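The primary structure of each chain is shown beneath.
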Amino acid sequence: MPRPRPLGSFSRFGLAGNPRACGLLEPGGTCNHSGALNPRGARNLSGAPVAPRLHAMRLTEDLARFVADLRFEDLPSGALPFIRIGFTDTFATWVAGRHSQEARLLRAALEPAPGACRLLVDQGTASAPDAACINATAAHALDYDDAAQRGHISVVVVPALLAEAQVLGASGRQMVASYAAGYETWAELMRREPDHYHNHSWHPTGVFGSLAAAAACASLRGLGAAQTCHALAIAASQSAGLIANFGTMTKPYHAGRAAQAGVMAARLAQGGYTGTPDALEHPKGLMAGLSPAGRVDLASPVQAGRDWKLPVGGVNVKKYPSCFAAHRSIDGMLGLIQDTDLTPEQVEKVEVTISRRNRSTLRYAQPQTVPEAKFSVQFAMAAALIARGCGLMELREEFVLRADVQALMRRVEVLPEDREDATRPGEAPEDIVTVHTRDGRALTCSVDYVRGGPERPLATGELRTKFNDCLAHGGLQAAPGPLFDALMSIDTLPGTDTLYALAAS
């Protein structure tokens, strides 16, 4: 079982401005928490002397405090429904992707020794770090897992937590609180950057996934603030993931490596491994290194635990196994088909207007492989018109390479939209699909919010349908109903044994 967390001498959340509560009294009785540079003789969370700081922010340490002090009882009521969906949807996509080439090749390359954690790839077992890596890669292989905070948080955090929970015997409530720790850590870092990581090579799932998984695993292991700070620093040095690898097997591997890195960072920190306490905010630290234009906010106080992002941002459950940047356009095309009974034979040309960031992310105009098709709005439009859907059945090589699909993709033009939504960085206010028909009509559909997001959530029945489809696609013979219900009440479970017993039933 996870060991109890030290209570510490600081208040739970909202440490700044209260020197007695923050537990960072410097020699002479002055507080160094609210932004002053380290004076001579200052000490870090571990009590060790530290060199004078070159910057005022304590981002790494303050995040570590939030993570170490978080309890299930602290979660706002609006967070729990999204966390339950995150576990349920990730488990579903994990099953769906368990026989993917990405998962099978990775499992063969790692050759993991038998361990305490389940693999669904071949019903084998592995150590927690290897299980997290393989299972997260499988869950992201189809690009069907949920999206949030400009990346894929659940697909990194959930496999890491399920693996470590098997080792630790952690309860569902502990896993839920730890998921929140990982989500809010990611969100805190993401909110500080005004520019777009996608436009500057970085895949947020890879570069922030390791931090989110480290925070989640540190929480699950009950690490104190000092050890959690080391875990975040260790994870920061393992951040990686390039947009250039979208449309290849390496993209889902970003999630796998991030999950593995997070598990290892928490374990190393608990065992005594160290990292710098300013790894995130140092001038040569992670946030400065990642920032596309050097405009990252390293001055504002940490909001995690005070201004919760999870109840507002939630998770976007994908209706289609493709890049999330294409989903509003798919909704638009399927809406036109439903309203007008549009057929491929009627189409002269399709125009899709999306943000420049999403246009560059959906980089394959004429995809020749399934991974490429997941990052092609041209394929998404052709699939919607020809198959009247863009689901798992369409993401097969024989469908992608069909002559009629390839021909219709050539009639799709993608136009950039320079207007940006004020509340959704990188997104246009709406995506617009216009179909020009052979008889001279122009049919248009604009979509502002995607189906499956917090603004237009899927009904429970739709979530259950996706879950059932994923289990069938992955060839899992278990009854889907009891497993779905257990995952949707993850916070009531005594541990992971219930889930794996139902998955094997």
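Residues numbered from 1 in each chain as written. Predicted model: local features only at pLDDT ≥ 70, side-chain atom pairs only at ≥ 80, totals over all residues. Heavy atoms only, no water.

**Here we look at the overall build of the protein chain**
The condition that has to hold: Only DSSP runs of H or I with at least four residues qualify as helices, and only runs of E with at least two residues qualify as strands; both kinds are numbered from the N terminus onward. Working definition: with a 1.4 Å probe on protein chains only, accessible area under 20% of the residue-type maximum means buried, over 50% means exposed, and in between means partly exposed. Here the open area of atoms and residues is found with the Shrake-Rupley method and a 1.4 Å probe, where only the protein chains shown may cover a residue.
Within the protein chain one finds 21 helices and 6 strands. Counting over 505 residues, the protein chain shows a buried share of 60%. Carbon and sulfur atoms make up 53% of the accessible area of the protein chain, which amounts to about 18,400 Å² in all.

**Considering the sheet that holds strand S5 (residues 431-437)**
Strand-to-strand pairing in sheets goes through backbone hydrogen bonds, with the strands running parallel or antiparallel. Here is the rule we go by: Any two strands with at least two DSSP bridges between them are considered paired. Axis lines are fitted through C-alpha atoms, for helices just across the contact stretch, and the angle between N-to-C directions can take any value from 0 to 180 degrees. Any two residues whose heavy atoms approach within 4.5 Å are treated as being in contact.
Spatially, 4 strands are ordered S4-S3-S5-S6 in an open sheet, and the strand pairing comes out mixed. Of all the strands in the sheet, just strand S4 (412-417) and strand S6 (442-447) have a single pairing partner and so form its edges. When the angles between neighbouring strand axes are averaged without regard to direction, this sheet yields 15°. The sheet strands contacting helix H16 (residues 377-387) are strand S3 (347-355), S4 and S5, and the helix crosses S3 at an angle near 135°.

**Some remarks on the side chain of Arg 221**
Rules: Here a polar contact means two N or O atoms within 3.5 Å. Within protein one must be a hydrogen donor candidate and the other an acceptor candidate, and residues neighboring in sequence count only if both atoms are side-chain atoms.
Here Arg 221 shows up in the loop between helix H8 (204-220) and helix H9 (225-236). For Arg 221, the side chain forms a polar contact with the side chain of Glu 164, separated by 2.7 Å. At 2.7 Å, the side chain of Arg 221 and the side chain of Gln 270 are in polar contact.

**Some details on empty space enclosed by the protein**
This is how the line gets drawn: Cavity means a closed set of points on a 1 Å grid over the protein atoms alone, one where a 1.4 Å probe fits but cannot get out, pocket means an open set with protein on both sides within 12 Å along at least 5 of 7 lines, and lining means a residue has an atom within 4 Å of a point. Grid points are joined across faces, edges and corners, and a volume is the space filled by probe spheres set on the points. The classification used treats Ala, Val, Leu, Ile, Met, Phe, Trp, Tyr, Cys and Pro as nonpolar, Asp, Glu, Lys and Arg as charged, and all other residues, Gly among them, as polar.
The final tally for this structure, using the stated rule, is 4 cavities of 30 Å³ or more. In terms of lining residues, the largest cavity is bounded by Ile 85, Thr 88, Asp 89, Ala 92, Leu 463, Lys 466, Phe 467, Phe 484 and Met 488. Of all the secondary structure elements, the ones that give two or more residues to the lining of the largest cavity are helix H3 (79-96) and helix H19 (460-473). Residue contributions to the lining of the largest cavity peak at 4 residues, all from H3. Here the residues of the lining of the largest cavity are counted per class, giving 6 nonpolar, 1 polar and 2 charged.

**A word on the pairing of S6**
Of the two faces of S6, the one holding Leu 443, Cys 445 and Val 447 is buried and the one holding Ala 442, Thr 444 and Ser 446 is not buried anywhere. When S5 meets S6, the two strands line up antiparallel, connected through 6 bridges. For Asp 431, the partnering residue across the bridge sits in S6 and is Val 447.

**Concerning the packing of H3 against helix H7 (residues 172-191)**
What counts, and what does not: Should an angle fall under 35 degrees it is taken as roughly parallel, and over 145 as roughly antiparallel, whereas 65 to 115 is taken as roughly perpendicular and any remaining angle as oblique.
Packing of H3 against H7 leaves a shortest axis separation of 10 Å and a crossing angle of 100°. Between H3 and H7, the angle is such that the two are roughly perpendicular. In contact with Leu 80, Ile 83, Gly 86 and Phe 87 of H3, H7 contributes Met 175, Val 176, Tyr 179 and Ala 180. Broken down by class, the residue content of the contact of H3 with H7 amounts to 7 nonpolar, 1 polar and no charged.

**Topic: the packing of H19 against helix H20 (residues 480-487)**
This is how the line gets drawn: Take the far helix as your reference; a near helix turned counterclockwise from it by less than a right angle gives a left-handed crossing, and one turned clockwise gives a right-handed crossing.
With their axes 10 Å apart at the nearest point, H19 and H20 run at an angle of 125° to one another. Judged by the angle between their axes, H19 and H20 are oblique. Crossing hand, H19 versus H20: right-handed. The segment H19 lies against H20, with Thr 460, Leu 463, Arg 464, Phe 467, Asn 468 and Leu 471 engaging Pro 480, Gly 481, Leu 483, Phe 484, Asp 485 and Leu 487. Residue classes in the contact of H19 with H20 are distributed as 7 nonpolar, 3 polar and 2 charged.

**Some thoughts on the environment of Val 176**
Within the secondary structure layout, Val 176 lies in helix H7. Along the primary structure Val 176 and Ile 83 are separated by 93 residues, whereas in three dimensions their C-alpha atoms are 6.7 Å apart. Apart from residues lying up to four places away in sequence, Val 176 is in contact with Phe 72, Leu 75, Leu 80, Ile 83, Ile 490 and Asp 491.

**Digging into the confidence of the model for the protein chain**
Our working definition: Each residue carries a pLDDT score, the predictor's confidence in it, ranging from 0 to 100.
With 89% of its residues at a pLDDT of at least 70, the protein chain reaches an overall mean of 90. Considering only residues more than four positions removed or in separate chains, one finds that residues 1-42, a stretch of pLDDT under 50, has 95 contacts.

**Section: the layout of surface pockets**
Of the volumes computed, that of the largest pocket is approximately 990 Å³. In this structure, the largest pocket is lined by 39 residues; those nearest its centre are Ala 148, Gln 149, Arg 150, Asn 316 and Arg 424. For the lining of the largest pocket, the secondary structure elements donating two or more residues are H7, helix H12 (310-313) and helix H14 (356-361). Looking at the lining of the largest pocket residue by residue, the class counts come to 13 nonpolar, 12 polar and 14 charged. One number sums up the size of the second largest pocket: a volume of about 360 Å³. In terms of lining residues, the second largest pocket is bounded by 16 residues, among which Gln 101, Glu 102, Leu 142, Val 370 and Leu 395 are the most central. For the lining of the second largest pocket, the elements supplying multiple residues, two or more each, are helix H4 (101-110) and helix H15 (370-373). Among the elements that make up the lining of the second largest pocket, the one with the highest residue count is H4 (3 residues). Its residues assigned to classes, the lining of the second largest pocket shows 8 nonpolar, 4 polar and 4 charged.

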